[in-house]
Amino acid sequence: MDLNSVRNKRIFTCWLIAPVILFVMSLFIGRYPLSAAELLRGNSTHLNIFMNLRLGRALTALFGGFALGVSGFVFQCVFRNPLASPDVIGISSGASAGAAFGILFFSGTVSVILLSFTGALITLILTVLFSSLDRYEKSSTFVISGIIVHTIAQSVLMCLKITADPEKQLSSIEYWIMGSLNGISTGRIPFNLVLCIFCTCVLFVLYRRIMILTLSDEEAKMLGINVRRSRFLILLFASLSVSSVISLTGIISFISLLPAHIARLIRKDNSQTTMIMSGFIGGSVLLSADILAKSVSSSELPLSIFTSMIGTPVLIIYLLKERRID
Amino acid sequence: MNKYCIVLLLILSFLFCACGRSSAVSAAGNDQLTEDADRSVTVTDQTGRTVTIEGEPQKIVSGYYISTSILIALGLKDKLKGIESKAEKRPIYRLSAPELISLPDVGSAKQFDFEKCASLDPDLVILPAKLQDSAQTLESLGIKVIFIDPEDENKLTEAIRLIGKTTFQEDRAAELIDSISAVSKELAEKTSTLEKPKVCITGNSNLLSVASGNMYQSYLIETAGGKNAADELTDKTWAEISYEQLLKWDPDYIIIAGEAGYSADDILNDTNLSECTAVKNRNVYQIPSSAESLDSPVPAGIYGSFWLASLLHPETVSDTDFINSISSFYKKFYGFEFSKE
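### Details of unusual backbone geometry
All names here are of chain B. Backbone geometry places lysine 86, a non-glycine residue, at a positive phi of 60°. Assignment of secondary structure puts lysine 86 in the loop between β5 (80–83) and α3 (91–96). With a relative accessible area of 37%, lysine 86 lands in the partly exposed category. Unlike most non-glycine residues, phenylalanine 168 shows phi in positive territory, near 60°. Along the polypeptide, phenylalanine 168 turns up in the loop between α6 (153–166) and α7 (170–191).

Structure below.
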């Protein structure tokens, strides 16, 4: 037991250091041959690229990945379902539809970010509204209304895609849906990053309530919390943090689902440490995926390819380890 | 061991067969046209299908803006009975053949409308090679169809010749081809010895998508006496790149695709690109598209290169040369006065 906890601590430290190392790597890897010497000398081109492009991208990958990892953990706890993720309540489809709308009718990155955030918010509000129609306070109601909203958002997205010009906007929409940090510059991220960090902090403050919600509703009520209100609050903040990230990055597969599983496989509990770890794993995976996306070829590759490629083997390794222990 | 050798030999011979066949098809695509005395013509279209047209087609349907443009240039607009979707968005129709805009819409490359097409009872249907899967459906409806695939100047020439042949307008087609190749030759003579500036053509959707070395746009740059900064890319469509990649290539000119939803000002004012040579020297321009987007392989596409050459090499190719030449081209083949705006 003692040995185990030492090992656990070591693993935890590893996952704590990993994002830091990856963050620094991300700052110095990219298509432009950036050199530290030129940076120190104050070369304006190098400084500009470093401050505007590299820093913004690395920060978004780190905090975005952290927030997505944590919110994945929260969703799974609150819905008591290992497959729950922000997709379940339709946020990502809403964000996609919003982004597609932005790509079709407006131009420029800023309007796409704003509209996809709006899209995510609208789906969130609709999900909450539909679920409040049910008099019983079951968590499955939330999932069902989530599926309804998800379906509506998907059909809106399809309508937008069919009107899109295949030569122009359709490819942009498809590309957005695969996720990318390309085009992010430091000036465009402050609002989203601050919002996502704030929401993630609130989630940590609400940790006790999240844990109580992993029990059955009756038990949770007996412990003296208002199940409906707590669930609403927690999901609101988790969704807000997810929306603020994906409106910047597009839809990234795996990132909000699997970090929590990996963290739980290592820690074997739902403690606060597991929640933090899930965030660190999310951050590490997103940072490494982005490093690959921007360096493998001359053209930018979508993030989702790499998040799945990095994430799934890690999960499989842990699953195999698990079996050996059993 | 022997068994493996035999298997290997078999695979190799199969590969050779496959190669042989594909080269035979492309050779046939080039120029294997045979004409019968009773005004029936057999052609091989650009997907390698053999089609026989009996009698001069009187009702033509075009499901592709490039074939529509070729048909107008060949003086066949009156025979067109149906055209592709979104015709109202193409200024060339408004300028040279406004009656086309109200013709029945047979769909686009994304969604071709077979029933509408059949209801027009056409003698000839011309479609992009992307739609070649629909050949069987159309043939089973008793409709003659040819596919064109004008990806570069040679293939455009071939497409023009093919359409000329099947519509019995070979002379006019030859005239059109001659005009195009004369311009192309003139540009090559004027620019081949000059230094080649680095040019990036950014795509219709956003400024971080560029034309790769495999695209028509790359050919356009080379004909204009430039070098595609994104040559190393091999994508078939616009490739997504990062600001950093663009800064690394550091093009001397950034050229925006004709139908892009953003303007030169968007690039000039983008702080992330302020260190780029093209932006510093304010060499950012949009391809003219007042009649047709000149970065597409339409008959007038060669003027995209002419226009670009007048930017890259103003000392040898002047803007007035460009305007005069394109005006007389449009006047002759499309019957309208060209203006840049």
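Further notes follow.
### Let's talk about the interface of chain A and chain B
Facing 29 residues of chain A, the contacting portion of chain B comprises 28 residues. Across the interface of chain A and chain B, roughly 2,300 Å² is buried in total on both sides, 47% from carbon and sulfur atoms. A per-residue breakdown of the area chain A buries against chain B is headed by Arg31, Lys168 and Ser298 of chain A, which together make up 25% of the total. Taken together, the links from chain A to chain B amount to one salt bridge. Residues arginine 54 of chain A and glutamate 244 of chain B are paired through a salt bridge, measuring 2.5 Å at the closest nitrogen-oxygen approach. For the pair chain A and chain B, the interface holds twelve residue pairs in polar contact (both at pLDDT 80 or more). Those elements that provide at least two residues to the side of chain A that touches chain B are α3 (44–78), α6 (139–163) and α7 (169–178) of chain A. Looking at the side of chain A that touches chain B element by element, the count peaks at eight residues for α3 of chain A. Of the residues that constitute the side of chain A that touches chain B, the class distribution is eight nonpolar, 13 polar and eight charged.

Rules used in this analysis
Residues numbered from 1 in each chain as written. Chains lettered and ligands numbered in written order. Predicted model: local features only at pLDDT ≥ 70, side-chain atom pairs only at ≥ 80, totals over all residues. Heavy atoms only, no water. Helix = DSSP H or I, 4+ residues; strand = E, 2+ residues; numbered from the N terminus. Buried < 20%, exposed > 50% of the residue type's maximum accessible area, 1.4 Å probe, protein only. Contact = heavy atoms within 4.5 Å. Buried area = accessible area lost by both parts, 1.4 Å probe. Salt bridge = Lys/Arg side-chain N within 4 Å of Asp/Glu carboxyl O. Polar contact = N/O pair within 3.5 Å; in protein donor to acceptor, adjacent residues only side chain to side chain. Nonpolar A, V, L, I, M, F, W, Y, C, P; charged D, E, K, R; others polar.

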